[in-house]
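# Structural description and commentary
One-letter residues, chain by chain:
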Amino acid sequence: GRSAGAPPTEPCGRQVATPPPGGSAGGSTHDSQTEGYYIVSGGGTMFTDGYVVNGRHVLSPDLNGPTCSGMAFDVVKKIVKPGDIIIIPAGVVHGWLDISDHVDYLSFRPSPGILTAGWTHPVLKK
């Protein structure tokens, strides 16, 4: 069962009995949140596009609204470096494949109705 306080989940993405080989772990899509990154320092390999297989749909994560996460397939891999800007529209699969040292980025989330006025990241509330 779920731990106390864990958000409810439901299946999402393509449901298959036997996933194909070669997926990328950590793929996610946000139902209605566009997400952008401006790479400040470091970098790594991101992936976008494709589809999630046998994912879990979390209805209420803090930053991005309803989100489907799982193994991603048929992704496009791209090395990102300082100065790069990445825009990921709502519903597009994305994630990180490799961060060799570190990556610092400014994230912008312009979709209305997800983050509310006065919202503070839980890490900063301690």
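Residues numbered from 1 in each chain as written. Predicted model: local features only at pLDDT ≥ 70, side-chain atom pairs only at ≥ 80, totals over all residues. Heavy atoms only, no water.

Tracing the backbone shows T48 in strand β4 (residues 44–48). Side chain to side chain, T48 and D49 meet in a polar contact 3.1 Å long. Apart from the residues within four sequence positions on either side, T48 is in contact with V75, V76, V93 and H94. (Helix = DSSP H or I, 4+ residues; strand = E, 2+ residues; numbered from the N terminus. Polar contact = N/O pair within 3.5 Å; in protein donor to acceptor, adjacent residues only side chain to side chain. Contact = heavy atoms within 4.5 Å.)

This part takes up the state of the cysteines. What is meant by a disulfide is a covalent connection between two cysteines, made through their sulfur atoms. Summed over all chains, the structure comprises 1 disulfide. One disulfide in the model links C12 with C68; its S-S distance is 2.0 Å. Looking down the S-S bond of the C12 and C68 bridge, the torsion is 90 degrees, so its handedness is right-handed. Of this pair, C12 sits in strand β1 (residues 9–12) while C68 sits in strand β6 (residues 67–73), and the two are 56 residues apart along the sequence. Residue classification places C12 among the buried residues on the basis of a relative accessible area of 10%. (Disulfide = S-S within 2.5 Å. Buried < 20%, exposed > 50% of the residue type's maximum accessible area, 1.4 Å probe, protein only.)

On inspection of all chains with the given rule, the structure shows 4 aromatic pairs. Judged by centre distance (4.5 Å) and plane angle (90 degrees), the ring pair of Y37 and Y105 falls under edge-to-face. A residue pair is termed long-range when its members are at least 10 positions apart, and Y37 in strand β3 (residues 35–42) and Y105 in strand β10 (residues 103–108) qualify at 68 residues. An aromatic cluster of three or more residues is present, and its members are Y37, W96 and Y105. Of note, R14 hangs over the ring of Y51, and the distance from its end group to the ring centre comes to 3.6 Å. (Phe/Tyr/Trp six-rings, centres within 6.5 Å; stacked < 30°, edge-to-face > 60°. Lys NZ or Arg CZ within 6 Å of the ring centre and 35° of its normal.)

Looking at where N64 falls in the secondary structure, it is placed in the loop between β5 (51–58) and β6. Within polar-contact distance, the side chain of N64 engages the side chain of R109 at 2.7 Å.

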